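Per-entry structural report
Given next are the chains, with one letter for each unit.
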Amino acid sequence: MLSTPDSHARAGGSFAGRFRTLLLLIPLLLALVACASRAPEPKLPRERPLPVLLIGIDGFRPDYLAMPEARTLRALAEGGGHAEALQPAYPSLTFPNHYTLVTGLHPDRHGIINNSMRDPELGSFAMHLRTAVADGRWWGGEPVWITAKRRGLRSATLFWPGSEADVGGQHPDEWLPYDASLGSARRVQQVLAWLTRPQSSRPDFMTLYFEQVDSIGHDVGPDAPELRRAVSAVDRSVRELLAGIADAGWADRINLVLVSDHGMTAIDESRPILLDELVDPRSFELVSFGASAGIQPRRGRSAEVEAALLRPHAHMRCFRPPEFPAEWRFGEHPRIPAITCQAEPPFVVGTRRVYEMPGRKRKRGGHGYDPTLPDMQALFIGHGPAFAPGTRIDRAHSVDVYALLCRLLGIAPAAHQGDPRAFDALLRPGV
Ligand code: AMP
Ligand code: ZN
Ligand code: ZN
């Protein structure tokens, strides 16, 4: 609107008039200032921790670090702190262990007891069932991104099992639906974009996930030369990440935790243990198969299935829930099927229907075996200001990682089953 002499006069065009208007406005201005200072509590605490980036390299066995292709990862291990072995939780599978890493709970407690499972109320769960994966009712415990949120910190996940679910009604502040086709370079760029945001919107906790070492490991086995290409590709991605961190001025101001969920061992799918040879396959539902088989007898057929399976077998042991070895900390969760048959490597267990399916491509590598076996051990490297360079420990457990992440973030952990001192020998004094 154009201002006219008249409008000026009405708004107090003379000096005295303008002064009067100003005096009248003072209470309003004071009220506005007071309002601004009472504005919503700042979400972020004044003292921000150094950012923590959790990098998951699926199926990376710690001895892969010795490969010439793992140059960058080896340098991180040597220049930071590392464990010779990170013992996975039982079962040594992707979803149970990724979720153990971020909750500090055994699968028996957090409820992701397998990659494939059934729940009497929720139905079926599998990694490719997007609705189930996103349904928080499957995911128990408190993942670190929720602990961080409760303490006023921000989290962003570039893939992590559980991050797509509304666990207790909450997600990370930023997360992406899992997309295996999103290239590693794009993943690295996204994490760098998060890190280099202005302070107010920068996440304190981030994840980055790579699947190719596991996928190729299944296809060709852990000892094949093609595996080295996958190791080389992940190593290059980590190198690009480090270069981006350094370019952005964040080198030495970020704590990196590199883990895998389990190792990998050579398997022989040409002679699977076929349950059909032990018991009528129509007498049970096969809930999961591979290194172990989850078996749910059909109504009225329990006695027959139990009689056939709960006896000694070559290369396989079958357990009812209370009978698992005590050190596996497994057997109480109601989602555990009535019988689990656990094979020993290189054997796999299932039915004819799954192993003799026309066109099925045989895998040469696998995991899901006894988590104490050397080939099942996972990776742990810590690098950054919190970690004492050149330090190593023999062993820690996946379940110990959650408390470490909380410690790096300077926040109190929720109830967990890990050893809060497990990584002490890798940390600088005062951390
Ligand atoms: P596994 O069968 O235990 O070897 O599972 C490994 C596979 O899990 C990878 O090849 C990924 O494709 C898949 N995976 C990893 N993270 C996710 C996720 N957040 N959502 C769905 N699938 C995933
Ligand atoms: Zn995995
Ligand atoms: Zn795998």
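Residues numbered from 1 in each chain as written. Chains lettered and ligands numbered in written order. Predicted model: local features only at pLDDT ≥ 70, side-chain atom pairs only at ≥ 80, totals over all residues. Heavy atoms only, no water.

Helix and strand counts for the chain stand at 13 helices and 18 strands. Out of the 431 residues in the chain, the part that is buried amounts to 54%. Within the chain, contacts between residues separated by at least 24 positions form 71% of all contacts whose residues are at least 6 apart in sequence. Surface summary for the chain: the accessible area is close to 19800 Å², and the carbon and sulfur share equals 55%. (Helix = DSSP H or I, 4+ residues; strand = E, 2+ residues; numbered from the N terminus. Buried < 20%, exposed > 50% of the residue type's maximum accessible area, 1.4 Å probe, protein only. Contact = heavy atoms within 4.5 Å. Areas by Shrake-Rupley, 256 points an atom, 1.4 Å probe, with all protein chains shown as cover.)

Quick look at the coordination of the zinc ion (ligand 3) now. The protein atoms that coordinate the zinc ion (ligand 3) are Asp214 (OD), Asp214 (OD), His218 (NE2) and His367 (NE2), at distances of 2.0 to 2.5 Å. Expressed as a motif, the donor residue spacing for the zinc ion (ligand 3) is D-x3-H-x148-H. Between the zinc ion (ligand 3) and the zinc ion (ligand 2), the interatomic distance is 4.1 Å. A residue pair is termed long-range when its members are at least 10 positions apart, and His218 in helix α9 (residues 212–220) and His367 in the loop between β16 (365–366) and β17 (378–383) qualify at 149 residues. Here His218 and His367 have matching classes, each one buried. (Donors = N, O, S within 2.8 Å, 3.2 Å for Na, K, Ca; no water.)

This part covers the side chain of Ser398. Structurally, the position occupied by Ser398 is in the loop between β18 (391–397) and α13 (401–409). Note on Ser398: relative accessible area 0%, which makes it buried. When residues no more than four places from it in sequence are discounted, the contact partners of Ser398 are Leu86, Gln87, Pro88, Ala89, Asn97, Thr100 and Leu101.

The element helix α4 (residues 94–103) is extensively covered by neighbouring structure, given that 10 of its 10 residues are classed as buried. All buried positions along α4 are accounted for by Thr94, Phe95, Pro96, Asn97, His98, Tyr99, Thr100, Leu101, Val102 and Thr103. Just downstream of α4 lies Gly104, where phi reads positive at about 70°.

Residue position: Arg428 is located in the segment after α13. Taking C-alpha positions, Arg428 is 5.4 Å from Phe387, a pair spaced 41 residues apart along the chain. Other than its neighbours up to four places away in sequence, Arg428 contacts Gly384, Pro385, Ala386, Phe387, Ala388 and Pro389.

Near ligand 1 lie 13 residues; those nearest to it are Thr94, Asn115, Tyr178, Asp214 and His218. Within the side chain of Tyr178, one N or O atom sits 3.0 Å away from an oxygen atom of ligand 1. With 3 residues, the top contributor of residues to the shell around ligand 1 is α9. Looking at the shell around ligand 1, its residues break down into 5 nonpolar, 5 polar and 3 charged. (Near = heavy atom within 4 Å. Polar contact = N/O pair within 3.5 Å; in protein donor to acceptor, adjacent residues only side chain to side chain. Nonpolar A, V, L, I, M, F, W, Y, C, P; charged D, E, K, R; others polar.)

Ranked by internal contacts, the top residues of the largest apolar core, which has 52 residues, are Leu86, Phe125, Trp139, Val144, Phe380, Phe387 and Phe423. If one sorts the elements of this core by residue count, α13 sits on top with 7 residues. Ignoring anything within four residues of it in the chain, the contact list for Leu86 reads Leu101, Val259, Ser260, Gln377, Ala378, Leu379, Phe380, Ala396, His397, Ser398, Val401 and Phe423. By size, the runner-up hydrophobic cluster in this structure holds 39 residues, among which are Tyr64, Leu208, Leu241 and Ile381. (Core = buried A, V, L, I, M, F, W, Y, C linked by side-chain atoms within 4.5 Å.)

Take the pairing of strand β1 (residues 52–57) next. Most of β1 sits inside the fold, with 6 of its 6 residues counted as buried. Of the two faces of β1, the one carrying Val52, Leu54 and Gly56 and the one carrying Leu53, Ile55 and Ile57 are both buried. The pairing of β1 with strand β8 (residues 255–259) spans 5 bridges and is classified as parallel. Across the sheet, the residue bridging to Val52 is Asn255, located in β8. (Pairing = 2+ DSSP bridges.)

It is worth spelling out the sheet that holds strand β11 (residues 284–288) at this point. Spatially, the 4 strands line up as an open sheet ordered β11-β12-β14-β13, and their pairing is antiparallel. At either margin of the open sheet sits one strand with a lone partner, and together these are β11 and β13 (316–319). Strand-to-strand twist in this sheet, taken as the mean axis angle between neighbours without regard to direction, amounts to 25°. Pairing of β11 with strand β12 (residues 292–297), which is carried by 4 bridges, proceeds in the antiparallel orientation. Along β12, the bridge assignment pairs Leu286 with Ile295. (Axes fitted to C-alpha atoms, helices over the stretch in contact; angles between N-to-C directions.)

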